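Here's the letter readout for the chains.
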Amino acid sequence: MRGLQLGALVAVVALWALVAGAGVVSPTALPGPAAVAAALGGLLGSGTYWQAVGDTLDGAVTGLAVAVAVGIPVGLVTGVYAAAEESSRLLVEILRSFPVIALLPVFLLVLGSTPGMKATVVFIACVFPILLQSQYGARSVTPSVHETVRAYRIPRLLRFRRVVLPGAVPSVMTGLRLAATTSVLVAIGVEVLTTLPGIGHMIMEAQQAGASDRAYAYILTAGAIGYSITLLAQYAEHRLLRRRPPARAGEAA
Amino acid sequence: MTRGSALHVEDLCMTFGRGGPQEHRVLAGLSLRVDPGESVCVVGPSGAGKTTLLRCLAGLAPPTSGTVRYGDQRLTGPHADIAVVSQDYRGSLLPWMRVWDNVAFPLQGRGVKKAARKATALECLDAVGLADVGDKYPWQLSGGMQQRVAIARGLAYDAPVLLMDEPFGSVDAQSRFDLEDLTLQLRRRLGITVVVVTHDIDESVYLGDRVIVLGGRPTAVLDTLTVPFGTDRDQLTTRADPRFAELRTRVLARIRGERLDQDAEPARN
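Residues numbered from 1 in each chain as written. Chains lettered and ligands numbered in written order. Predicted model: local features only at pLDDT ≥ 70, side-chain atom pairs only at ≥ 80, totals over all residues. Heavy atoms only, no water.

A. View of the overall build of chain A. A count of helical and extended segments in chain A gives 11 helices and 0 strands. Its helices and strands in sequence order give chain A the pattern α-α-α-α-α-α-α-α-α-α-α, from N to C terminus. Classification of the 253 residues of chain A by burial places 40% in the buried group. Positive and negative side-chain charges of chain A, numbering 18 and 11 respectively, have mean locations separated by a distance of 14 Å. (Helix = DSSP H or I, 4+ residues; strand = E, 2+ residues; numbered from the N terminus. Buried < 20%, exposed > 50% of the residue type's maximum accessible area, 1.4 Å probe, protein only. Lys, Arg positive; Asp, Glu negative; His and termini not counted. Charge placed at Lys NZ, Arg CZ, Asp CG, Glu CD.)

If you want it as structure tokens, here you go:
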């Protein structure tokens, strides 16, 4: 299985080298894998590269952290109380339908071109998947469990901490995984569209300077960050759910 | 050695979907009494509203009319003196808590510290014959063992009244006998009041000091039988007693009779 997966990867890189080498497209539009690897190698030793990665991660992580801090509690509470869920449903549906990047000019106007603005846009993009998945997770607590908790007069706070939250974990983790990938994507998007420093900005800059191998090296970096986040999220999910019945863990995976 | 107070049910009515097209009258003026230390079985065909009655006794469902009193208090919600073991043991145990933690959870709700909680939980697990599974997770146990855990949780709650809804309905026959004997033994040792709702006629006669037969549509009390076997019973001799056969025949006749009357009705018209 693993061999096949690696094989597919190698095949794509080979195809890339073939297309670039055949001269079908100009080398400025698509440099070969070797040129990109060389550019990446050069960048890894430079301070500006790591500065750019740091700037992007800073914006993504700040926005994501606030989205987690807001999305999980609000999602759990609105998920448990049917009235809260119903009254907020329309608002949430409307808010989450706004394409966040389209709202960028508004944020630029209100908050200016600052790292805080980047984090805010990331927050808005990330909060809804987390909130909705938390809501969904809170609702997944079975009537049987609710009845037991009521019969044994478990206080509300304890119920949230030990029943609703753990019950919602598989679903919350799904939201978190989606949001984590989105956070980097949106941070880079904002950097591309504004003058804020970060990977997105470097891609634009390299492209404008005609150094497409460097631009692709940054694009690959963005991909690597996204992939690392997915791996990290999978690991965290596995750790959190390893004590669940096998069927449940399987569902979440 | 008995503890707690008596449960009184007076003129209990329950109608679901009142005023709507699906209006369904389940209980029609049920009255019954459960004395402290008594073991009462409520038996009736499925769909007779046995679970509804039990939920009213537990304070989990407010009746449409009529009252449930515990001692001289009118029940308006779950009571600290009343523990419930539900039919759905798989669903009522929390899969992310270890077995001991599940048993101790109601105590955490009362603010008992962890060490004390765990000690009580392990004692209660021991009492139901599960001395060494405290650190496992519920889903690692068999159905019969999970139901024992649910009973241990009821015991840990230290309530004088234990309500059980079809508690042994979904375990294998051998576990069922063991759990019936466990229930009798706990009741004898702890002096608790036990109310068991079941559709199994033999089980109701084996477990109860009194058997309340429900039936009809909407449900009413058809009969109340006193079981003369005392507190020491066992699966072999008690079930072989001629009086056992008499009682189960009477319960069955009561339930059947009601059904036959209803079946005969259209023919008469």
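There's plenty left to go through after this.
B. Expanded view of the packing of helix α5 (residues 104–111) of chain A against helix α6 (residues 115–139) of chain A. Residues and elements named next belong to chain A. Put simply, α5 and α6 touch, their axes get as near as 10 Å, and they point 140 degrees apart. Looking at the two axes, α5 sits oblique to α6. Two packed elements cross with a definite hand, and for α5 against α6 that hand is right-handed. For the pair formed by α5 and α6, the contact residues are Leu104, Phe107, Leu108 and Leu111 on the first element and Met117, Thr120, Val121 and Ile124 on the second. When grouped by side-chain class, the residues that make up the contact of α5 with α6 number 7 nonpolar, 1 polar and no charged. (Axes fitted to C-alpha atoms, helices over the stretch in contact; angles between N-to-C directions. Parallel < 35°, antiparallel > 145°, perpendicular 65-115°, else oblique. Left-handed = near helix turned anticlockwise from the far one by under 90°. Contact = heavy atoms within 4.5 Å. Nonpolar A, V, L, I, M, F, W, Y, C, P; charged D, E, K, R; others polar.)

C. Quick peek at the packing of aromatic side chains. Going through the model one piece at a time under the given rule, you end up with 5 aromatic pairs over all chains. Seen in terms of ring centroids, Tyr49 of chain A and Trp50 of chain A are 5.0 Å apart; in terms of plane orientation they differ by 85 degrees. Their pairing is edge-to-face. For Trp50 of chain A, a relative accessible area of 48% gives the class partly exposed. Between the aromatic rings of Tyr137 of chain B and Trp139 of chain B, the centroid separation amounts to 6.0 Å while the plane-to-plane angle is 20 degrees, which identifies the pairing as stacked. The side chain of Arg110 of chain B reaches across the aromatic face of Tyr157 of chain B, ending 4.2 Å from its centre. (Phe/Tyr/Trp six-rings, centres within 6.5 Å; stacked < 30°, edge-to-face > 60°. Lys NZ or Arg CZ within 6 Å of the ring centre and 35° of its normal.)

D. The pairing of strand β3 (residues 39–43) of chain B, seen in detail. All names here are of chain B. For β3, the tally of buried residues reaches 5 of 5 residues, placing the bulk of the element in the interior. Side chains Ser39, Cys41 and Val43 project from β3 onto one buried face, and the interleaved Val40 and Val42 project onto a second face that is buried too. The sheet contact formed by β3 and strand β9 (residues 210–215) spans 4 bridges and is parallel. For Val42, the partnering residue across the bridge sits in β9 and is Ile212. (Pairing = 2+ DSSP bridges.)

E. Representation of the interface of chain A and chain B in the model. With 22 residues of chain A at the contact, the number on the chain B side is 28 residues. Looking only at chain A, the three residues that lose the most surface to chain B are Tyr152, Arg162 and Arg243 of chain A, adding up to 32% of its buried area. Counting every contact that joins chain A to chain B gives 2 salt bridges. For Arg162 of chain A, the salt bridge goes to Asp101 of chain B, with nearest N and O atoms at 2.4 Å. Here chain A is connected to chain B by 8 residue pairs in polar contact (both at pLDDT 80 or more). (Buried area = accessible area lost by both parts, 1.4 Å probe. Salt bridge = Lys/Arg side-chain N within 4 Å of Asp/Glu carboxyl O. Polar contact = N/O pair within 3.5 Å; in protein donor to acceptor, adjacent residues only side chain to side chain.)

F. Focus on the sheet that holds strand β10 (residues 220–226) of chain B. All names here are of chain B. Spatially, the 6 strands line up as an open sheet ordered β6-β7-β8-β3-β9-β10, and their pairing is mixed. Edge strands, defined here as strands with exactly one partner in the open sheet, are β6 (82–85) and β10. With direction set aside, neighbouring strand axes in the sheet form an average angle of 15 degrees. Where strand β7 (residues 161–165) lies against strand β8 (residues 193–198), 5 bridges are found, and the strand directions are parallel. Bridge pairing in β8 links Leu162 to Val194.

G. Summary view of helix α9 (residues 199–208) of chain A. Residues and elements named next belong to chain A. Burial in α9 covers these residues: Ile199, Gly200, Met202, Ile203 and Ala206. End-on view of α9: buried residues confined to an arc of 165 degrees, all on one side of the axis. In the segment just after α9, Gly210 is the residue with positive phi, at about 80 degrees. (Arc of directions from axis to C-beta.)

H. Examining a nonpolar patch on the surface more closely. A grouping of Leu15, Leu18, Val19, Val24 and Val25 of chain A is seen on the molecular surface, where their side chains present a nonpolar patch of about 460 Å² in accessible area. Here Val25 of chain A is to be found in the loop between α1 (2–22) and α2 (33–44). (Patch = residues over 30% accessible without salt bridge, like charges linked within 9 Å, V, L, I, M, F, W, Y side chains within 5 Å. Areas by Shrake-Rupley, 256 points an atom, 1.4 Å probe, with all protein chains shown as cover.)

I. Expanded view of the side chain of Glu191 of chain A. Residue and element names in this part refer to chain A. Positionally, Glu191 belongs in helix α8 (residues 156–193). Among the residues examined, Glu191 registers a relative accessible area of 0% and is labelled buried. A distance of 2.8 Å separates a polar atom in the side chain of Glu191 from the backbone nitrogen of Gly200. The contacts of Glu191, once residues within four sequence positions are left out, are Asp55, Thr56, Lys118, Leu196, Pro197, Gly198, Ile199, Gly200 and His201.

J. Layout of unusual backbone geometry. You will see that Arg153 of chain A, though not glycine, has its phi angle at about 50 degrees, which is positive. Take Arg153 of chain A: it is sitting in the loop between α7 (143–151) and α8. Positive phi outside glycine occurs at Asp11 of chain B, with the angle close to 50 degrees. Within the secondary structure, Asp11 of chain B is located in strand β1 (residues 7–16).

K. Region of interest: the nonpolar core. In this structure, Ile151 and Val251 of chain B are the most contacted members of the largest nonpolar core, which totals 63 residues. With residues near it in sequence (within four places) discarded, Val251 of chain B still touches Val43, Ile201, Val205, Val211, Val213 and Leu225 of chain B. Of all hydrophobic cores here, the second largest spans 47 residues; its members include Val53, Val164, Tyr218 and Ala222 of chain A. (Core = buried A, V, L, I, M, F, W, Y, C linked by side-chain atoms within 4.5 Å.)

L. Spatial organisation of the pattern of salt bridges. Residues and elements named next belong to chain B. Considering all chains together, one arrives at 21 salt bridges over all chains under this definition. Notably, a salt bridge pairs Arg176 with Glu180, separated by 3.8 Å at the nearest N-O pair. One end of the pair, Arg176, and the other, Glu180, are both in helix α6 (residues 173–190), 4 residues apart, so they sit about a helical turn from each other. For the residue pair Arg176 and Glu180, the accessibility class agrees, reading buried in each case. The partner of Asp202 in a salt bridge is Arg248, and the shortest N-O contact between them spans 2.7 Å.

M. Structural context of the environment of Ser142 of chain B. Tracing the sequence through the fold places Ser142 of chain B in the loop between α4 (114–127) and α5 (143–156). A relative accessible area of 38% means that Ser142 of chain B is categorised as partly exposed.

N. Expanded view of the sheet that holds β1 of chain B. Residues and elements named next belong to chain B. Judged by pairing direction, the sheet is antiparallel, and its 4 strands sit side by side in the order β2-β1-β4-β5 without closing on themselves. This sheet does not close on itself; its edge strands, each paired only once, are β2 (24–34) and β5 (73–74). Here β1 pairs with strand β4 (residues 65–70) via 5 bridges, running antiparallel. Among the inter-strand pairings, Val9 is bridged to a residue of β4, identified as Val68. Sheet strands in contact with helix α1 (residues 50–57) are β1, β2 and β4, and its direction is about 125 degrees off that of β1.

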